[in-house]
Amino acid sequence: MDRLFAYLSKPKPYEPSTHPFWDDEHISKGMLEAHLNPDRDAATRKHSFVKQSVEWLCKMFPSQKYPKVLDLGCGPGIYADLLNQKGYSVTGIDISERSIAYAKAQNPNNIYFCMNYLNCDFPAEFDLILLIYCDFSVLREDERQKLLRIVFKALKKGGYFVFDVNTLKFYQNRPEEQKNWYLNEGSGFWRDKTYLVLESFYIYEPDVFLKQYVVLEEDLSFRVYRIWDKAYTEKSLMEELKTVSYSECRIFEDVCGKKFNEDSRTMCVVLNK
Ligand SMILES: C[S@@+](CC[C@H](N)C(=O)[O-])C[C@H]1O[C@@H](n2cnc3c(N)ncnc32)[C@H](O)[C@@H]1O
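Residues numbered from 1 in each chain as written. Predicted model: local features only at pLDDT ≥ 70, side-chain atom pairs only at ≥ 80, totals over all residues. Heavy atoms only, no water.

1. A look at a nonpolar patch on the surface
- On the surface, a nonpolar cluster with roughly 360 Å² of combined accessible area is contributed by M1, F5 and L220.
- For M1, the location among the structural elements is in the segment before helix 1 (2-6). (Patch = residues over 30% accessible without salt bridge, like charges linked within 9 Å, V, L, I, M, F, W, Y side chains within 5 Å. Areas by Shrake-Rupley, 256 points an atom, 1.4 Å probe, with all protein chains shown as cover. Salt bridge = Lys/Arg side-chain N within 4 Å of Asp/Glu carboxyl O. Helix = DSSP H or I, 4+ residues; strand = E, 2+ residues; numbered from the N terminus.)

Here you go:
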């Protein structure tokens, strides 16, 4: 109980989860369903958005000129599949075995690896590298820098890196820090038997946010999942990208190429090596 109480106060910035999230045997089932649900912005955005996004990517980076794509955090391959249909050869990386197994079964043309993208090490062989759905900003600062180096190395000269993040506007209308709880009877998103969730939302000024879920089972064992998010302004993002020497940086509102403005809740960054 003492241990549990310790987990109920505000954690230090970037304290990790106690258990894996994306590749948990049970959670990954719900995640796969969420990816495949075309009508929800869940693990993947609504599939109508993804299609629009792929159209924009094809226009910006035609497959004839930019044929080799690396999709970091590809999930079950929703983007990778559509890109392959448009003529790209896609390598997808994801930490979830369940998602990668699905992606492989769906599309034998693409190459898929189940691994942590922070551990990948490719030579300069890709024309286009994607990290889509605000995955950059869940990482700690040292991990973000590591990923920037990995991506820069893996890109051919002239290649592009496209990723998106939440802006501070995304959090503007959120309430102050919050705590909440609910009881889930029977199997649910977090576990396959009855559990209690103690949910908290914490703000770390000026721009880091945490959603924490303490999931408690009937035998009083518990797991703590922490989803960190750093929200950016154009300025704070540019500051972070200073360590890698891209020749050009363009900003859009989203990965469909919508124009960025001061009210945009997301920011899509296009970097040219
Ligand atoms: C929010 S989902 C986005 C999926 C996909 N990019 C899309 O837009 O459909 C994040 C994905 O990244 C994967 N992921 C999270 N952390 C990862 C890591 N360190 N290495 C590899 N994959 C990771 C998750 O398993 C999940 O499939």
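After that view, the rundown keeps rolling.
2. A closer look at the packing of aromatic side chains
- Following the criterion strictly, the structure yields 23 aromatic pairs and no others.
- Between F21 and W190, the aromatic rings sit 5.9 Å apart at their centres with planes inclined by 40°, giving tilted as the arrangement. With F21 in the loop between helix 1 and helix 2 (27-36) and W190 in the loop between strand 6 (178-184) and strand 7 (195-204), the pair connects residues that are 169 residues apart, well separated along the chain. Of the two residues, F21 and W190, neither departs from the other in class, the shared state being buried.
- Above the plane of the ring of Y204 lies K10, whose end atom (NZ or CZ) is 4.6 Å from the centre.
- Positioned above the aromatic ring of F126 is the side chain of K68, whose terminal nitrogen or guanidinium carbon lies 5.0 Å from the ring centre. (Phe/Tyr/Trp six-rings, centres within 6.5 Å; stacked < 30°, edge-to-face > 60°. Buried < 20%, exposed > 50% of the residue type's maximum accessible area, 1.4 Å probe, protein only. Lys NZ or Arg CZ within 6 Å of the ring centre and 35° of its normal.)

3. Things to note about the site of the ligand
- What surrounds the ligand is a group of 16 residues, the closest being T44, G73, D94, Y117 and I132.
- Contact between the ligand and T44: an oxygen atom at 2.7 Å from a side-chain N or O atom of the residue.
- Interatomic distance of 2.9 Å between a side-chain N/O atom of N116 and a nitrogen atom of the ligand.
- Within the complex, 93% of the 600 Å² of free accessible area of the ligand lies under protein.
- Considering only residue class, the shell around the ligand consists of eight nonpolar, six polar and two charged. (Near = heavy atom within 4 Å. Polar contact = N/O pair within 3.5 Å; in protein donor to acceptor, adjacent residues only side chain to side chain. Nonpolar A, V, L, I, M, F, W, Y, C, P; charged D, E, K, R; others polar.)

4. Some words on the domain arrangement of the protein chain
- The domain architecture assigned to the protein chain consists of domain 1 (2-19 + 170-229) and domain 2 (27-167 + 233-272).
- Between the C-alpha centres of domain 1 and domain 2 the distance comes to 27 Å.
- The partner domain 2 presents ten residues to the eight residues of domain 1 that form the contact.
- In total, about 940 Å² of surface goes out of reach between domain 1 and domain 2, with carbon and sulfur atoms giving 55% of it.
- Considering only the side of domain 1, the residues that lose the most area to domain 2 are Y14, F170 and F189, jointly responsible for 62% of the buried surface there.
- The interface formed by domain 1 and domain 2 contains zero salt bridges.
- Scanning the region where domain 1 abuts domain 2 turns up three residue pairs in polar contact (both at pLDDT 80 or more).
- Among the elements of the structure, helix 7 (168-172) and strand 9 (222-230) are those that each provide at least two residues to the side of domain 1 that touches domain 2.
- Considering each element in turn, the side of domain 1 that touches domain 2 owes the most residues, three residues, to strand 9. (Domains from an automatic or database assignment. Contact = heavy atoms within 4.5 Å. Buried area = accessible area lost by both parts, 1.4 Å probe.)

5. Quick look at the sheet that holds strand 7
- Pairing within the open sheet is antiparallel, and its four strands lie in the order 6-7-8-9. Looking at the sheet topology across the chains shown, the edges are occupied by strand 6 and strand 9. Adjacent strand axes in the sheet meet at a mean angle of 15°, parallel and antiparallel pairs treated alike.
- Pairing of strand 6 with strand 7, which is carried by seven bridges, proceeds in the antiparallel orientation. Counterpart to N184 in the pairing with strand 7 is Y195. (Pairing = 2+ DSSP bridges. Axes fitted to C-alpha atoms, helices over the stretch in contact; angles between N-to-C directions.)

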